[in-house]
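Report on the structure
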Amino acid sequence: MEFTNRETWTLIHGLILGTFFLLAFAGGLAGLWSLRTEYVTPAGIGERLRRLKIGTTAMAIAAWATVITGTWIVYPWYRESLAGEEGAGCEGVQVPTGECSPRDFLLSNVSGQTEDWHKFGMEWKEHIAWISPMLATLAVFLVFYYGPALARNRTARMLVLVVFTGAFAAAAIAGLFGALITKTAPIT
Amino acid sequence: MSETAMTSELEEIDRPTGPVAAAVLATGIGAFVLGLLTTLSEASTGVHDFLEFDEDVGPLSGKTIIAVIAYLVSWAVLHGMWRRQNPAVRPILIATVVLIALGVLGTFPTFFQAFASE
């Protein structure tokens, strides 16, 4: 069992950083939701806040790392133009090859109606993903700025929750399309 | 509780609202610039070619670099302007929601592909 360099980077981008992001989101969401003066003691708020700062910061770092590795390392392999005019390099293939990049493969429709995976799925994924780290960074800023006030001020807490969930939603759209596109046209 | 009453709660916290307003609005600006460039890149081959900062990544390189620069620079500038002030949060939140919605719309393929140049 071994992975190529490209498969390793695809795993780092989609699975390792993606899982880290999901875990950080789940922890942060639970921490934010329960950070209320009626639920925890003052000492508990301090401890919860410390975890919340770590969780949201980890999520933002994971979000930036995911979009940077995705755009600058993995995406060029996806979008290489290898198949030539009329997509000759993709004729008769079942999966992308050295003469048929994942993008060429999807657009060629040699394995069923696949072009919408690129024209809609990949086109949306590659752009909307970049909104996630901006929102995640905003969530981190708000958590650090408001600090313990988050526990007693419902509006501040809700603002962070909405921003935090927005970051997750943008990443979830990108992640879902990424997983489905990789299943149809893997980078090898 | 009305929305106005809710956002006024943010102003009750014993810290200026300016830094929060700056961070929130900068996020909206970053998202909007990304959506705008995505649509402009589709509509104009000149913009498309200009945004190709890196040949391997294509125009996505320019779109994302410029959007991130717009986000960080607008955050720094707005923070500098508002760090000790207390601007009303509600209109800034509304503006940010509109900017993010436009940004998401601009990145939506069905929308931006409608502007595709021949």
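Residues numbered from 1 in each chain as written. Chains lettered and ligands numbered in written order. Predicted model: local features only at pLDDT ≥ 70, side-chain atom pairs only at ≥ 80, totals over all residues.

Describing the overall build of chain A
Across its full length, chain A holds seven helices and zero strands. Taken from N to C terminus, the helices and strands of chain A fall in the order α-α-α-α-α-α-α. For 188 residues, the compact-globule estimate of 2.2 N^0.38 gives 16 Å, and the C-alpha radius of gyration of chain A, at 20 Å, exceeds that figure by more than 25%. Counting across all 188 residues of chain A, residues that qualify as buried make up 47%. Partitioning the intrachain contacts of chain A with sequence separation of at least 6 by distance along the chain shows that 68% fall at a separation of at least 24. (Helix = DSSP H or I, 4+ residues; strand = E, 2+ residues; numbered from the N terminus. Rg over C-alpha atoms; globule rule 2.2 N^0.38 Å. Buried ≥ 20, exposed ≤ 12 C-beta atoms within 10 Å, placed from the backbone. Contact = placed C-beta atoms within 7 Å.)

Considerations on helix α4 (residues 59–82) of chain B
If you check α4 of chain B, its first and last C-alpha atoms are 34 Å apart, about what 24 residues at 1.5 Å a residue would give, namely 34 Å. For α4 of chain B, the complete set of buried residues consists of Pro 59, Leu 60, Gly 62, Lys 63, Thr 64, Ala 67, Tyr 71, Trp 75, Leu 78 and Trp 82 of chain B. Elements in contact with the buried residues of α4 of chain B: α2 (42–79), α4 (115–128) and α5 (131–146) of chain A together with α2 (18–43) and α3 (45–50) of chain B. (Expected span 1.5 Å × (residues − 1).)

Quick notes on the interface of chain A and chain B
The partner chain B presents 27 residues to the 26 residues of chain A that form the contact. Mapped onto the side of chain A that touches chain B, the elements with two or more residues apiece are α2, α4, α5 and α7 (154–184) of chain A. The dominant element in the side of chain A that touches chain B, judged by the number of residues it contributes, is α5 of chain A, at eight residues. Residue composition of the side of chain A that touches chain B, by class: 17 nonpolar, four polar and five charged. (Nonpolar A, V, L, I, M, F, W, Y, C, P; charged D, E, K, R; others polar.)

No statement about biological role is implied by the geometric values presented.
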